[in-house]
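Fold and geometry: a report
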Amino acid sequence: MIRRDEVDMMLSAKKRSFYLGRMAREKLDLLVIGGGTTAAAIVRDASFRGMRAGLLDCGSFVPDACKYEIGSTLQDYLAWGQEGKPGIIRKAKVSREAAMEREELLRRFPHLIERLTATQLLGGSAALKASGCRWFLYRRLADSRRKQKQVSRSERGAMPPLQGLRIAAGGSRSCHTEPAYRRNEARLAMELLKSACSQGALLCNYVDVQSIIYRRGRIDGVRVADRISGEQYHIHAHQLIVAGVSPMGEHLADMDGKPYKRSPFMKSLHLVLDRKKLPIGGPLAFTTDCGMQVEAMPLTGVVYVRAVDSKAAIAPEEDKAPTDEDIRKLLLLLQHAFPDCQLSAQHVVSAWSAPLAFSYGEEGSRTARRYRGQGIRLCDSGLLAVADEAPAGVLRRAEAVVDFVSAQLQDCYGTIYPASRADYEPLGGGQGQAGAMPFPRMKQRLVKLGMTFDLVPDAVLELIARYGSDTAIMLQGMADVTEYDTTDEKLMYSELKYNVEHEMTVTLADFLLYRTGWLFFHPHRAEAALSDVTAMMGKLLQWGRDDEEWQLALLRQQLKRMGSQVQTMMKHAMQELEKEEVGNAHV
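Residues numbered from 1 in each chain as written. Predicted model: local features only at pLDDT ≥ 70, side-chain atom pairs only at ≥ 80, totals over all residues. Heavy atoms only, no water.

1. Section: the pairing of strand S9 (residues 218-226)
- Among the 9 residues of S9, 7 are classified as buried, and the element is accordingly described as predominantly covered.
- As defined by bridge partners, strand S8 (residues 207-215) adjoins S9 across 8 bridges and the pair is classed as antiparallel. Bridging across to S9, Val 209 finds its partner in Val 224.
- Here 5 bridges tie S9 to strand S10 (residues 232-243), and the two strands are oriented antiparallel to one another. Across the sheet, the residue bridging to Val 222 is Ile 235, located in S10.
- Here S9 hands over to S10 after 5 residues, with Gly 230 in that stretch at a positive phi of 85 degrees. (Buried < 20%, exposed > 50% of the residue type's maximum accessible area, 1.4 Å probe, protein only. Helix = DSSP H or I, 4+ residues; strand = E, 2+ residues; numbered from the N terminus. Pairing = 2+ DSSP bridges.)

Below is the structure:
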């Protein structure tokens, strides 16, 4: 059993070698390979049951494909499809559990999850699928408490999400409105990981899997290399899990060499537009006649648009930046759907692309019938693959995975683990614990605390939207910052210190891309803060000149999948930073 006091209950970047060393010295019950909310929820559920659980990720713990997700009953139904297993009743039950989980996450993470009214504009086969008897039966069984209705063409312009925008006559065949939940996937994954770490789970990022260790024909562990230090480790585990459909998971499955049904990868294109040019008031999704799935959701000052072409398969390693032609086609698609919006490339704040995969197929799966619909698949070698895009809720899917692993460990070793306790345990940053003050009252207190440090309310509210109640740690930490004079510098240093010591922030890309999302949604802020962030992280992590060059090289690699506008902007900022460092070296 891993003692919690030995890991100090903190996901610190300064303890990466300690975590890897402990994983190499003790055989784990469960080792998760991959990042994202699914991997984080699995390792958290296992750690709360008392399992020796570990997680390794080749990146920054959070998903690369997107930062925000919209969940609703209709989207779950369209994701399932009309054919295949499980049946309609089982699908509806899984979707109902996912709806209940969204409400629970909203209660625990009010700063990360928001309930909104979403609009679905459907065309082609999707419109027919959402108008048949199977859909009405599914809706009745899945979530009968929610109000979902089909809107007539004359009523569409008055809907709040559209705010008077005119829809093209041939743009869609049916229109539906229903309650939906917008959640910040990157921040939710970090909160789940911090909760797992508090229970003794061993976690480490920027680790590459070199090879698989076999014992008597079954997987017994992996050989890994730390991308930061270069050290290599042999980590053994009773059960190896690949969480999420990702290029890393595909690579691990290729090394395993055992046959299983592949998951097709599709190219997803992400745009951030000026909200004044696309003034929607809520989440909006539509499916075109050619099969293109487009989602748009309003954020602070911008609109985030994601488009996925389910008919355009790509290789998992293909992660190229969006071309000007890709951006132009998506803008034309939005222009066709909303003729009143005059969109052009000048209105694009940022753009990026990423490979996106659907769930692993379950044909021939050896998992029991009770786990169908959860995206769980066991290979002959013992490798357990868990899909990330199944309509099942992330916590329910994690519970099903750990239940399956627990049954396997009991059969093989006689060890009995308790049922899941993760639903009843508090989560850091949220308000799920008993006795916690209401979220609006907590925000008021934090804003008042920030005013004592001469912070404007908007700056404090931005921190609350990312870190929740943990914002108090950063605000109180500003009092201990003596190296800097201005309020903005003290706040920046305190936030970076929190990220390094509590969220294992190791690289510039971690902070600028995945913790704050500045490069995705506010690239001008990332450009302005690059010099200060580099200097402050170098002080916190004791970087040398070679370390800073490696950090900038890694950031350039991450920028390769961004649009040309952001690449040019950050390239100029990095050149200025390098000139400044050369000048300081000469002095």
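Text resumes after the structure shown.
2. Brief notes about the packing of helix H12 (residues 457-467) against helix H14 (residues 487-502)
- Direction vectors running N to C along H12 and H14 enclose 5 degrees, while the axes themselves pass 13 Å from each other. When the axis of H12 is compared with that of H14, the two are roughly parallel. Note on element contacts: H14 touches H12 through Leu 491, Glu 495, Tyr 498 and Asn 499, opposite Leu 463, Arg 466 and Tyr 467.
- Of the residues assigned to the contact of H12 with H14, the class counts are 4 nonpolar, 1 polar and 2 charged. (Axes fitted to C-alpha atoms, helices over the stretch in contact; angles between N-to-C directions. Parallel < 35°, antiparallel > 145°, perpendicular 65-115°, else oblique. Contact = heavy atoms within 4.5 Å. Nonpolar A, V, L, I, M, F, W, Y, C, P; charged D, E, K, R; others polar.)

3. Quick word on the pattern of salt bridges
- If you walk through the whole model with that rule in mind, you get 25 salt bridges.
- Its salt-bridge partner being Arg 306, residue Glu 295 comes within 3.4 Å of it at the nearest N-O pair. Here the residue Glu 295 occupies a position in strand S13 (residues 292-298), and Arg 306 occupies one in strand S14 (residues 302-314), the gap between them amounting to 11 residues.
- On the basis of relative accessibility, which here comes to 10%, the residue Arg 306 falls in the buried class.
- Via salt bridges that share partners, Arg 187, Glu 191, Lys 194, Asp 470, Glu 503 and Arg 515 belong to a single interconnected network. (Salt bridge = Lys/Arg side-chain N within 4 Å of Asp/Glu carboxyl O.)

4. Describing the nonpolar core
- Residues Leu 31, Ile 42 and Leu 56 are the most contacted members of the largest nonpolar core, which totals 117 residues.
- In terms of residues, this core owes the most to one element, helix H10 (residues 394-413), which gives 9 residues.
- Contacts of Leu 31, omitting those with residues within four sequence positions, involve Met 23, Gly 54, Leu 55, Leu 56, Val 222, Ile 235, Ala 237, Gln 239, Leu 240 and Ile 241.
- In terms of nonpolar packing, the next biggest core, distinct from the first, is built from 24 residues, Ile 280, Ala 296, Ala 337 and Cys 341 among them. (Core = buried A, V, L, I, M, F, W, Y, C linked by side-chain atoms within 4.5 Å.)

5. Thoughts on the environment of Val 405
- Among the structural elements, Val 405 can be located in helix H10.
- Here Val 405 falls in the buried class, since its relative accessible area comes to 0%.
- With 164 residues separating them along the chain, Val 405 and Ile 241 place their C-alpha atoms 9.5 Å apart.
- Once residues lying within four places of it in the same chain are set aside, the contact partners of Val 405 are Leu 30, Gln 239, Ile 241 and Leu 384.

6. Observations regarding the environment of Phe 48
- Among the secondary structure elements, Phe 48 is positioned in helix H2 (residues 37-48).
- Take Phe 48: its relative accessible area is 3%, and that puts it in the buried class.
- Between the C-alpha atom of Phe 48 and that of Ala 196, which follows or precedes it by 148 residues, the distance is 7.4 Å.

7. Concerning the confidence of the model for the protein
- The pLDDT averaged across the protein works out to 79; a share of 72% of its residues lies at or above 70.
- In this model, residues 147-160 is a region of pLDDT below 50 whose contacts with residues beyond four sequence positions or in other chains number 36 contacts. (pLDDT = per-residue confidence, 0-100.)

8. Structural notes on the side chain of Thr 505
- Looking at the element boundaries, Thr 505 is found in the loop between H14 and helix H15 (508-515).
- The buried category is assigned to Thr 505, whose relative accessible area is 0%.
- Within polar-contact distance, the side chain of Thr 505 engages the side chain of Arg 515 at 3.3 Å.
- Not counting residues within four places of it along the chain, the set of residues in contact with Thr 505 comprises Ala 13, Asn 499, Val 500, Asp 510, Phe 511, Arg 515, Met 537 and Leu 541. (Polar contact = N/O pair within 3.5 Å; in protein donor to acceptor, adjacent residues only side chain to side chain.)

9. Description of the packing of aromatic side chains
- For the coordinates displayed, the defined rule picks out 10 aromatic pairs.
- Between Tyr 304 and Trp 352, the ring centres sit 5.9 Å apart and the planes meet at 5 degrees, which makes this aromatic pair stacked. Of this pair, Tyr 304 sits in strand S14 while Trp 352 sits in strand S15 (residues 348-357), placing them 48 residues apart in sequence.
- You can call Tyr 304 buried: its relative accessible area is 1%.
- In this structure Trp 352 comes out as buried when scored by relative accessible area, which is 1%.
- Measuring from centroid to centroid gives 5.6 Å for Phe 511 and Trp 518, while their planes differ by 85 degrees, and the two rings are edge-to-face. (Phe/Tyr/Trp six-rings, centres within 6.5 Å; stacked < 30°, edge-to-face > 60°.)

10. Some points on the side chain of Arg 466
- Here Arg 466 shows up in helix H12.
- Apart from residues no more than four positions distant in its own chain, Arg 466 is found in contact with His 111, Leu 112, Arg 187, Glu 191, Glu 495, Arg 515, Thr 516 and Trp 518.

11. Focus: the pairing of strand S2 (residues 53-56)
- Here S2 shows no split at all, with Ala 53 and Leu 55 on one side and Gly 54 and Leu 56 on the other all buried.
- By the bridge criterion, 4 bridges tie strand S1 (residues 28-33) to S2 in an arrangement that is parallel. Paired with Leu 30 across the strands is Ala 53, a residue of S2.
- With H2 bridging S1 and its parallel neighbour S2, the resulting β-α-β unit is right-handed.
- Across 3 bridges, S2 lies against strand S7 (residues 202-204) in parallel orientation. By the bridge assignment for S7, Leu 56 is matched with Cys 204. (Right-handed = clockwise from strand over helix to strand, strands pointing away.)

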